[in-house]
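Now for the letters of each chain:
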Amino acid sequence: MWDYLRLNHSETLRSPLFPVILTVASYFVLCIPYLVCDILGKKWPAIYRYKLQPDKLPTTAMLIHCSGVTLYNHILLVFPAAVAQWLWRPPVPLPERAPTLLELAGGVTGNLLLFDFQYFIWHFLHHKIRWLYVTFHAIHHNYSAPFALATQCLGGWELVTVGFWTTINPVLLRCHLLTTWMFMVVHVYVSVEDHCGYDFPWSTSRLIPFGVYGGPSKHDVHHQKPNTNFAPHFSHWDKLFGTHADFSYAKTQ
Ligand SMILES: [Zn+2]
Ligand SMILES: [Zn+2]
């Protein structure tokens, strides 16, 4: 697969714009299935029974608000950053050899773990220091029952920080380009899943055993009880700092 991509799509893949287009496109494509679930709502009981907070479906106004914030951030931040990369960054060379499956899986996991640690600290501080919360993070807490499009309902500073880490971390971990792109898509997937509002049998937290991974049910609790579950992906940092809470905690409060 790598040889095919390298030999036939080299121009596209070497462009500094490629990772930006890949992540933006993955975001919208991955939001669509959840959006369909939300629009059909109770008319699709087979799916609706997995809704974490039943009777709290997003309204049209909420969907428009989040789409508006996303569009605003993309026009004001993502697009200029993409143009700057395109103008000033030379095309990246494509390595001849593909990563092994082990390198790819290890790289993706390593990047998720590193991001999880960085965002845990950022997130913790932006809840504990009132000025940081009000100025930068409060917009993400507009909705106590998250839905897929609320994933990128973020302030500019948060989007820039998250974008910086997802760009720089694979470089620090010396990842292959294919591993980097795979991490970016997986990261978008798990971030959207965190906010989808459904705990499906195939949700990441159910596929990864021993409660190692937080997933949608834990992040849903964060939106209901904002002083819990600060880590975006795994659960070890919250368990270590005593901020971990299960979904039943939110229900009983
Ligand atoms: Zn969130
Ligand atoms: Zn938060």
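Now for a description of the structure that goes with this document. All of these numbers come straight from a predicted model, not from anything done at the bench.

Basis of the calculations
Residues numbered from 1 in each chain as written. Chains lettered and ligands numbered in written order. Predicted model: local features only at pLDDT ≥ 70, side-chain atom pairs only at ≥ 80, totals over all residues. Heavy atoms only, no water. Axes fitted to C-alpha atoms, helices over the stretch in contact; angles between N-to-C directions. Helix = DSSP H or I, 4+ residues; strand = E, 2+ residues; numbered from the N terminus. Parallel < 35°, antiparallel > 145°, perpendicular 65-115°, else oblique. Left-handed = near helix turned anticlockwise from the far one by under 90°. Contact = heavy atoms within 4.5 Å. Nonpolar A, V, L, I, M, F, W, Y, C, P; charged D, E, K, R; others polar. Salt bridge = Lys/Arg side-chain N within 4 Å of Asp/Glu carboxyl O.

Looking at the packing of helix α5 (residues 60–88) against helix α8 (residues 156–172)
Now for step 1: Packing of α5 against α8 brings their axes to within 11 Å, and their N-to-C directions diverge by 50°. Compared by their axis directions, α5 and α8 come out oblique. Two packed elements cross with a definite hand, and for α5 against α8 that hand is right-handed. Each of N73, L77 and V78 in α5 lies in contact with α8, whose residues at this interface are G156, L159 and V160.
Now for step 2: Here the contact of α5 with α8 is built from residues that sort into four nonpolar, two polar and no charged.

Some remarks on the pattern of salt bridges
Side-chain pairs of opposite charge can arise whenever the charged atoms involved come near each other.
Now for step 1: Applying the stated criterion across every chain, the model contains six salt bridges.
Now for step 2: R14 serves as the salt-bridge partner of E11, at 3.9 Å between the closest nitrogen and oxygen. Taken together, the positions of E11 and R14, both in helix α2 (residues 10–14) and three residues apart, correspond to about one turn of that helix.
Now for step 3: Ionic pairing is found between E103 and R97, a salt bridge with its closest N-O pair at 3.7 Å.

It is worth stressing that arrangement in space is one thing and function is another; only the former is reported here.
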